[in-house]
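If you want the building blocks of each chain, they are given just below.
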Amino acid sequence: MRADAQRVVVTGMGAVSAFGLGVPALWAGLSEGRCAIAPLRHERAAEMRVRVAAQVPEDYTPEPHFSREVLPQLDRVAQFALLAAGEAIAQSGLRFEPGGSAERTGCIVGTAVGGENTQDEQSRRLYAENAQRLHPLTIIRAMTNAAASQISMRHGLHGPSFVVASACASSNHAIAQAVQLIRAGVMDVALAGGSEASLSYGAMRAWEAMRVLADDTCRPFSANRKGLVLGEGAAMFVLESLEHAQRRGATVLGEIAGVGMSSDAGDIVAPDMAGAASAMRTALADAGMEPAQVDYVNAHGTATLANDINEVRAIAQVFGAHARQVAVSSTKSMHGHALGASGALELVAVLRAMAESRVPPTINMDSLDPQCEGVDHVLGSARAMPVTAALSNSFAFGGLNAVLVLRSA
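This write-up is about the structure you can find in this document.

Thresholds applied
Residues numbered from 1 in each chain as written. Predicted model: local features only at pLDDT ≥ 70, side-chain atom pairs only at ≥ 80, totals over all residues. Heavy atoms only, no water. Phe/Tyr/Trp six-rings, centres within 6.5 Å; stacked < 30°, edge-to-face > 60°. Helix = DSSP H or I, 4+ residues; strand = E, 2+ residues; numbered from the N terminus. Buried < 20%, exposed > 50% of the residue type's maximum accessible area, 1.4 Å probe, protein only. 1 Å grid on protein atoms, 1.4 Å probe; cavity = no way out; pocket = protein on both sides within 12 Å on 5 of 7 lines; lining within 4 Å. Points joined across faces, edges and corners; volume = space filled by probe spheres on them. Nonpolar A, V, L, I, M, F, W, Y, C, P; charged D, E, K, R; others polar. Salt bridge = Lys/Arg side-chain N within 4 Å of Asp/Glu carboxyl O. Core = buried A, V, L, I, M, F, W, Y, C linked by side-chain atoms within 4.5 Å. Contact = heavy atoms within 4.5 Å. Pairing = 2+ DSSP bridges.

What follows is about the packing of aromatic side chains. Under the defined criterion, the tally for this structure stands at two aromatic pairs. Aromatic pair W207 and F397: ring centres 6.0 Å apart, planes at 25°, arrangement stacked. Residue W207 is located in helix α7 (residues 201-210), and its partner F397 is located in the loop between β15 (389-396) and β16 (400-407); the two are separated by 190 residues in the primary sequence. A residue is classified by how much of its surface remains accessible, and W207, at 15% relative accessible area, is buried.

Listed below in structure tokens is the structure:
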């Protein structure tokens with residue numbers, strides 16, 4: 001980070017997850033080591049080989065949250081993003097005034113897929129039912145930028161607003177972009193995070209075909225892990241320059257001290273340790289921190305064979321002797337792999353871990369894979385410990401890596 005660059009802090013956060021609506025529901029589940037992975041709720045679940053997922057609870061209905069005029073425009077992915085953004089803004093205490101703060105507030109959302117439920121539903125109508133007309137708002141609901149556009153319209157944000165789509169690194173890339181724009185003085189405030197709702201029949205069958213899904217549960221770093229478990233949800237954050245937050249007397253939840261991004265430029269699915277390590281080193285350098293200052297790493301930890309081993313080796317390479325002292329866990333074992341929203345959900349976990357001095361665990365472990373040794377895994381239940389600095393890792397198909405460094409308030 002340039003010496004004259006603005007420091008960027010978090011002053012609000014919101015979430016929708018398989019634990020329910022809101023950050024308190026998400027953090028309660030993670031800190032208690034509960035698993036939100038359950039039998040798949042889908043009308044065609046019986047036709048699938050994989051019948052588990054981490055879904056937003058069944059009692060969620062959009063009608064109480066959105067007006068009759070707006071709801072027809074909203075795919076499930078935009079609904080989640082709007083709910084998370086609303087919670088984050090409420091916590092921040094911000095009000096966006098036309099001609100004032102709204103002009104320098106933007107919105108950057110990460111999503112790997114976008115309006116998948118709309119795409120799947122309308123494609124079924126077109127090809128299976130031979131429908132002659134599709135829903136007139138199909139494009140509006142399905143377009144990838146819908147979540148960012150809906151948030152900016154709902155709250156009157158006139159700054160830069162767009163979507164970042166980089167598979168499972170989308171949230172961290174979106175947050176990194178927001179940090180850079182605030183540092184550069186382009187805007188003072190950003191709504192940034194990620195949203196995903198892609199548990200459609202077509203998407204589930206496509207993931208099945210890749211043979212990377214577990215059919216029981218998610219066991220990161222475990223010797224008998226079978227693969228990832230898909231999830232859904234959203235998390236959004238209010239980011240501000242420190243100067244802006246101090247000027248209005250805001251409560252600071254934490255600082256995004258560094259961001260690091262890299263590309264493996266190799267295989268489309270097989271991760272490269274050098275790329276992951278490069279992103280971590282870059283993020284630490286950007287924060288002006290040494291590896292020994294980090295207390296916790298929220299791992300990408302998908303429970304796929306290649307990713308888990310690759311990530312542990314990358315952490316060991318970057319942290320050296322400190323690797324055996326830094327706490328490491330994967331919360332995907334509880335909230336599932338929400339693709340483009342995963343990094344945002346995991347950032348909630350990091351910020352709450354800092355606030356409560358309590359690191360959430362990796363659960364579902366039977367026995368540690370010997371190839372995943374070399375770091376201090378937090379297994380089974382949360383660990384009480386001070387967390388003053390942490391890394392949050394996201395590594396995506398296509399070899400796209402994005403790492404955030406968090407520092408406590």
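Moving on from the coordinates now.
If you roll a probe as big as a water molecule over the atoms, it shows you where there is empty space left. Here the structure, examined in full by the defined rule, presents one cavity of 30 Å³ or more. Taken as a whole, the largest cavity holds about 30 Å³ of empty space. In this structure, the largest cavity is lined by V77, T111, G114, G115, R141, M143, T144, A146 and A147. Tallied by class, residues from the lining of the largest cavity come to four nonpolar, four polar and one charged.

Okay, the pattern of salt bridges next. By the definition in use, this model includes 20 salt bridges. Salt bridges linked by common partners bring D215, D216, R219, K226 and D366 together as one network.

So, about the nonpolar core. In terms of nonpolar packing, the biggest core is built from 76 residues, with I175, L230, F237, L239, I256 and L406 touching the most fellow members. The element contributing the most residues to this core is helix α12 (residues 342-356), with nine residues. When sequence neighbours within four positions are dropped, the list of residues in contact with L230 reads A53, A54, L199, M204, W207, L213, H337 and L339. Counting 32 residues, the second largest nonpolar core, distinct from the first, contains L71, C107, I151 and L157.

Right, let's get into the pairing of strand β5 (residues 105-110). Summarising burial for β5: six of the six residues are buried, a large majority. Burial of β5 is two-sided: the residues T105, C107 and V109 facing one way and the residues G106, I108 and G110 facing the other way are all buried. Sheet topology note: the β5/strand β7 (residues 189-196) ladder contains six bridges and is parallel. The partner of T105 across the bridge, within β7, is V189. In this structure, β5 lies alongside strand β6 (residues 161-164), joined through four bridges in parallel fashion. If you follow I108 over to β6, its bridge partner there is F162.

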